[in-house]
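# Descriptive analysis of the structure
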Amino acid sequence: MKIRLVAVFVLLVGHANPTGASEVKLADDGNARLPVVISESASDPVKETAKTLADYLQRISQAEFPTRTKRADLGIFVGTSLDFPESGIVNHFRPTGITRREDYLLKSDKRGLWLIGATDLAVEHAVWDLLHRLGYRQFFPGDTWEVVPTTRDLSIDVDVFESPDYHSR
């Protein structure tokens, strides 16, 4: 009897969504489902980071991810907390605090996927964290030490707020 109860518990816990996040489909059979969205006022480093994300998502899924600067209802939103005031997550960040400038958020919801950082550097960390969660690895600089997974279907269910343990990485 105890074994059956444990088995039922394991099945229920295995299917539970403890984060409250929604699964977001990024690519389906080699077709991008969402564009990469940046703010019209995004800084040059954020624009470059968004382009890097779109390029790697294409390498992983063989889907072309357009980058847009227009307001969008759905997308992969990349930028600082000030770039997307309508997101409702601005209060999570304190970019002027020396211990908080590298904080970032990865969150999937019904609007898409949010990669929001306190600063430009934090946005870059968020992008590389997402790629790592999708299976990307780079052990040393250069193509030889890079592992880019290939899958035509990409989805993620994430809700994390990351803050480094040190003032500077």
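An account of the accompanying structure is given in this report.

Attention now goes to helix α3 (residues 120-133). An ideal rise of 1.5 Å per residue puts 20 Å on 14 residues; α3 measures up with 20 Å between its terminal C-alpha atoms. Of the positions making up α3, those classed as buried are Ala122, Val123, His125, Ala126, Val127, Asp129, Leu130 and Leu131. Residues of α3 that are buried make contact with α2 (44-61), β5 (75-80), β6 (104-109), β7 (112-117), β10 (154-156) and β11 (159-162). Just downstream of α3 lies Gly135, where phi reads positive at about 110 degrees.

What follows concerns a nonpolar patch on the surface. Judged by side-chain polarity, Phe139, Phe140, Trp145 and Val147 come together as a nonpolar surface patch covering roughly 440 Å² of accessible area. Of note, Val147 is situated in strand β9 (residues 146-147).

One pass over the full model with this rule turns up seven aromatic pairs. A centroid spacing of 5.5 Å and a plane angle of 70 degrees characterise the contact between Tyr56 and Trp128, whose relative ring orientation is edge-to-face. You can see Tyr56 sitting in helix α2 and its partner Trp128 sitting in helix α3, a full 72 residues away along the chain. Owing to a relative accessible area of 13%, Tyr56 belongs among the buried residues under this scheme. The exposure class of Trp128 is partly exposed, given its relative accessible area of 32%. Judged by centre distance (4.9 Å) and plane angle (80 degrees), the ring pair of Phe140 and Trp145 falls under edge-to-face. A relative accessible area of 49% means that Phe140 is categorised as partly exposed. On the basis of relative accessible area, Trp145 is assigned to the partly exposed category, the value being 43%. Three or more aromatic residues link up through ring pairs in this structure, and these residues are Tyr56, Trp128 and Tyr136.

Criteria and thresholds
- Residues numbered from 1 in each chain as written.
- Predicted model: local features only at pLDDT ≥ 70, side-chain atom pairs only at ≥ 80, totals over all residues.
- Heavy atoms only, no water.
- Helix = DSSP H or I, 4+ residues; strand = E, 2+ residues; numbered from the N terminus.
- Expected span 1.5 Å × (residues − 1).
- Buried < 20%, exposed > 50% of the residue type's maximum accessible area, 1.4 Å probe, protein only.
- Contact = heavy atoms within 4.5 Å.
- Patch = residues over 30% accessible without salt bridge, like charges linked within 9 Å, V, L, I, M, F, W, Y side chains within 5 Å.
- Areas by Shrake-Rupley, 256 points an atom, 1.4 Å probe, with all protein chains shown as cover.
- Salt bridge = Lys/Arg side-chain N within 4 Å of Asp/Glu carboxyl O.
- Phe/Tyr/Trp six-rings, centres within 6.5 Å; stacked < 30°, edge-to-face > 60°.

So far we have only geometry, and geometry alone does not tell us how the molecule works.
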